[in-house]
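Here are the chains, one letter per residue:
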Amino acid sequence: MPQQHDKDTGGRSGPDRRGFLARAGLAGAGAVIGSAVPFGPGAITSAAAQGTGSAPGATGSPAAPAAPASPPAAKGPQQLSYPGKSDKLVLLGDRPLVAETPEHLLDADTTPTNLFFVRNNGQIPEPPTDPETWRITVDGEVEKPLTLTLAELKSRFRPVTRFLVLECGGNGRAFFSPPGRGNQWTNGGAGCAEWTGVRVADVLKEAGVKPSAVFSGHYGADPHLSGDASRQALSRGVPIKKLLDENNLIVWAMNGEPLPTIHGGPVRLLVPGWPGSVSAKWLTRIWVRDKVHDGAGMGGTSYRVTVNPMVPGGKPDEKNFRDLESMPVRSIVTSPANGTRLPAGTRRVELRGAAWAGDHTVKDVHVSLDYGASWQRADLKAPRNPYDWQRWTASVALPSDGYFEVWARATDSNGVMQPHIAGNWNPQGYGANPMHRVAVLVG
C-alpha cells in the first residue's frame, strides 16, 4: 500500500484516511468515530484480515485460479492540480472546485497560501487587468452609499494585519452517519493565514449605518455554475451586530502577498469565527438590509443546524432550523501525521496541533493514548490576536511497541468540549466536530 511522503512533515508519512479505508474495505468506518485509521503498508488489521485465508491446520485448499489475477487498482483520494496550490491537497469536487488540506500539512503556525483549503460555490471569475480599479459598493440602510475602488480602500482607511482562521461551514461533514449532503470534508476545510485589509466597521462608519439596519447581504463576482448571469452563485449575510465586529476585514493580501484569485482576489470579505460562506470572495457589494437576507445560500437547511435534535437521516422540518453562526470548538493533531511509523523502542512521542472555537477561545486541549480512558493536558498557546487559532504541544510516554491512537479534544472558553462522535445530525452536515484521532505504529 503506497504511503504519501511530504517534505513539510520532516519525513513522516502515512496513508490517507479515505484511501486506506477504501483499500481495506472499511470505507465509511470513520463516518461516526472520527478520523483514526487502521495501519498501513503490509500490516493487516483484524477487521480487514477476517476471511482472507485458511487458518493454520485447516483442511482443504481453495481452487487455483486459471491465471494470476491482477490486484484491483487502489482507490485513493484524488489530489488537487491547480497553479500555485500544493498537489498534496485532496480534491473533493471539481465543479465547483473544492479541496481540503490533510491535517499534517497544517503544522505551521500560519498556513502557507499553497496549502490553504479551496472552497468555491460558482465559477472562478477572470482576474481584473488592474486590481486597483476593482469596485465595491456599500448600500442599503446607510446614510451615504459608497462605491470604492481597491486603491481608495487602501488610501482612505487604516490598514490592519491579523492572523485569522477561515473555516468552511461543512468542515467535519464526513464524520456524520448517515452522510450529510455535500463535500465530504474531514478536518481540512480550515486554515489560519495572515490577512491584510481594512476593517468593515471603518467603512460602514463612513457610510453611516441607519438604526433600521438588521442584516447584511454579501455579493461576489463569481458566476453561477450554470452560466446564467441572472443567478447568484452564493449570497449570504450576517446580523448587523456581527457585521460591525472590529475583527471583520475587507482584505487584499494573504500572507504578505496580493490575494490570489483562487482565494477571492483581488478583494474579499473576511468574517472570522463564522462559516466561510459569509466571507464573500471577489467582493463586489455589501448590502445593509432592514430584514434578514434572503440570498442564495440562506434559508431552508443551507448553512443551518437544528434547534431541537432530529433523528439522523430523518425528514427535516425547516421550522426546526437556525443559521449556523459561531463555528464549534475543534482541535487537530498536526504532528505526527496519521499513519506514522516510529522505530522500535521509541518510548515518547512529541505531539503538536491546533485548536480554535469560532467566536470563542480555547481553554484547554487534552490528549489520550488509551482511547479516552485517561487524558493528559497539552501546553496551549494564547492566540496572537482574536480569531487566531491556538497551537498546542504535548509530550506523551509510550508504554511499549505496537499500535497506538492519539486522541485530541479541545474545550472552549464556555466549557463546551468536543464530542467523541459527530452529533446533532442535519441533512447538509454542518457543525460536526468530533475528537481528532491519528494512528501511530511503534516498531
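Refer to the structure presented above.
Attention here is on the structure that accompanies the text. (Residues numbered from 1 in each chain as written. Predicted model: local features only at pLDDT ≥ 70, side-chain atom pairs only at ≥ 80, totals over all residues. Heavy atoms only, no water.)

### Quick notes on the overall build of the chain
- A count of helical and extended segments in the chain gives 6 helices and 25 strands.
- Scored against the burial criterion, the 443 residues of the chain give a buried share of 53%.
- Contacts in the chain between residues far apart in sequence, at least 24 positions, make up 71% of those at least 6 positions apart. (Helix = DSSP H or I, 4+ residues; strand = E, 2+ residues; numbered from the N terminus. Buried < 20%, exposed > 50% of the residue type's maximum accessible area, 1.4 Å probe, protein only. Contact = heavy atoms within 4.5 Å.)

### Considering the sheet that holds strand 24 (residues 402-412)
- Spatial strand order, 18-25-24-20-21: 5 strands in an open sheet with mixed pairing. Edge strands, defined here as strands with exactly one partner in the open sheet, are strand 18 (340-342) and strand 21 (376-377).
- By the bridge criterion, 3 bridges tie strand 18 to strand 25 (residues 436-442) in an arrangement that is parallel. Residue pairing across strands places L342 opposite V442, the latter belonging to strand 25. (Pairing = 2+ DSSP bridges.)

### Considerations on the pairing of strand 23 (residues 390-397)
- In terms of strand pairing, strand 19 (residues 348-356) meets strand 23 through 8 bridges, oriented antiparallel. Across the sheet, residue A355 finds its bridge partner in strand 23, namely Q390.

### A closer look at the pairing of strand 3 (residues 90-94)
- The pairing of strand 3 with strand 4 (residues 97-100) spans 4 bridges and is antiparallel. Residue V90 lies in a different strand from strand 4, and its bridge partner there is E100.
- Between the antiparallel neighbours strand 3 and strand 4 lie 2 residues.

### Here's the deal with empty space enclosed by the protein
- Using the criterion set out here, one finds 4 cavities of 30 Å³ or more in the structure.
- Considered as a void within the structure, the largest cavity measures approximately 290 Å³ in volume.
- Around the largest cavity, the lining comprises 25 residues; the ones closest to its centre are R119, N121, G276, S279 and K281.
- At the level of secondary structure, the elements contributing two or more residues to the lining of the largest cavity comprise strand 5 (118-119) and strand 10 (215-220).
- Per element, the largest residue contribution to the lining of the largest cavity is 3 residues, and it comes from strand 10.
- The residue inventory of the lining of the largest cavity, partitioned by class, reads 11 nonpolar, 9 polar and 5 charged. (1 Å grid on protein atoms, 1.4 Å probe; cavity = no way out; pocket = protein on both sides within 12 Å on 5 of 7 lines; lining within 4 Å. Points joined across faces, edges and corners; volume = space filled by probe spheres on them. Nonpolar A, V, L, I, M, F, W, Y, C, P; charged D, E, K, R; others polar.)

### A closer look at the packing of aromatic side chains
- With the rule as written, the count across this model stands at 7 aromatic pairs.
- Between F116 and W195, the aromatic rings sit 5.8 Å apart at their centres with planes inclined by 90°, giving edge-to-face as the arrangement. Taken as a pair, F116 in the loop between strand 4 and strand 5 and W195 in strand 9 (residues 190-199) lie far apart in primary sequence, 79 residues in all. For the residue pair F116 and W195, the accessibility class agrees, reading buried in each case.
- The interplanar angle of 40° and the centroid separation of 6.4 Å between the aromatic rings of Y219 and W287 together place this pair among those described as tilted. (Phe/Tyr/Trp six-rings, centres within 6.5 Å; stacked < 30°, edge-to-face > 60°.)

### So, unusual backbone geometry
- At the junction of R95 and P96, the peptide bond is cis and its omega measures out at 0° in the coordinates.
- Put simply, G265 and P266 share a cis peptide bond, and its omega is 20°.
- Relative to the helices and strands, P266 is located in the loop between strand 12 (257-258) and strand 13 (268-270).
- One non-glycine residue, N255, lies in positive phi territory at about 55°.
- Looking at where N255 falls in the secondary structure, it is placed in the loop between strand 11 (249-254) and strand 12.
- Relative accessible area serves as the criterion here: at 22%, N255 is assigned to the partly exposed category.
- The backbone phi angle of W282 is positive, close to 50°, even though this residue is not glycine.
- Within the fold, W282 resides in the loop between strand 13 and strand 14 (283-289).

### Some details on the environment of L80
- If you trace the backbone, L80 turns up in the loop between helix 3 (46-49) and strand 3.
- Between the C-alpha atom of L80 and that of L92, which follows or precedes it by 12 residues, the distance is 8.7 Å.
- Sequence-distant contacts of L80, defined by excluding residues within four places in its chain, comprise K85, S86, D87, L89, L91, L97, A99 and V118.

### Notes on the layout of surface pockets
- Counted as a void, the largest pocket has a volume near 500 Å³.
- What lines the largest pocket is a set of 22 residues, among which R322, S326, P328, N424 and G431 lie closest to the centre.
- Looking at the lining of the largest pocket, its residues break down into 11 nonpolar, 8 polar and 3 charged.

### Re the environment of T101
- Among the structural elements, T101 can be located in the loop between strand 4 and strand 5.
- Taking the C-alpha atoms as reference, T101 lies 6.4 Å from V90; in sequence the two are 11 residues apart.
- Among all residues touching T101, those that are not within four sequence positions of it are L89, L106, L115, F116, F117 and G188.
- Within the local environment of T101, its side chain forms a polar contact with the backbone nitrogen of F117, the two atoms lying 3.4 Å apart. (Polar contact = N/O pair within 3.5 Å; in protein donor to acceptor, adjacent residues only side chain to side chain.)

### A word on the environment of K319
- For K319, the position within the fold is in the loop between strand 15 (304-306) and strand 16 (321-323).
- Under the relative-accessibility criterion, K319 is labelled exposed at 73%.
- Through-space distance from the C-alpha of K319 to that of T301 is 9.7 Å; in sequence the pair is 18 residues apart.

### As for the pattern of salt bridges
- Following the criterion strictly, the structure yields 16 salt bridges and no others.
- A salt bridge links D109 to R391, with the nearest nitrogen and oxygen atoms 3.9 Å apart. A residue pair is termed long-range when its members are at least 10 positions apart, and D109 in the loop between strand 4 and strand 5 and R391 in strand 23 qualify at 282 residues.
- Residue R285 pairs with D139 through a salt bridge whose shortest N-O separation is 3.1 Å. Residue R285 is found in strand 14, and its partner D139 is found in strand 6 (residues 135-140); the two are separated by 146 residues along the sequence.
- Here the residues in one salt-bridge network are D107, D109, R352 and R391, joined through shared partners. (Salt bridge = Lys/Arg side-chain N within 4 Å of Asp/Glu carboxyl O.)

None of the figures reported here should be taken as evidence of function without further support.
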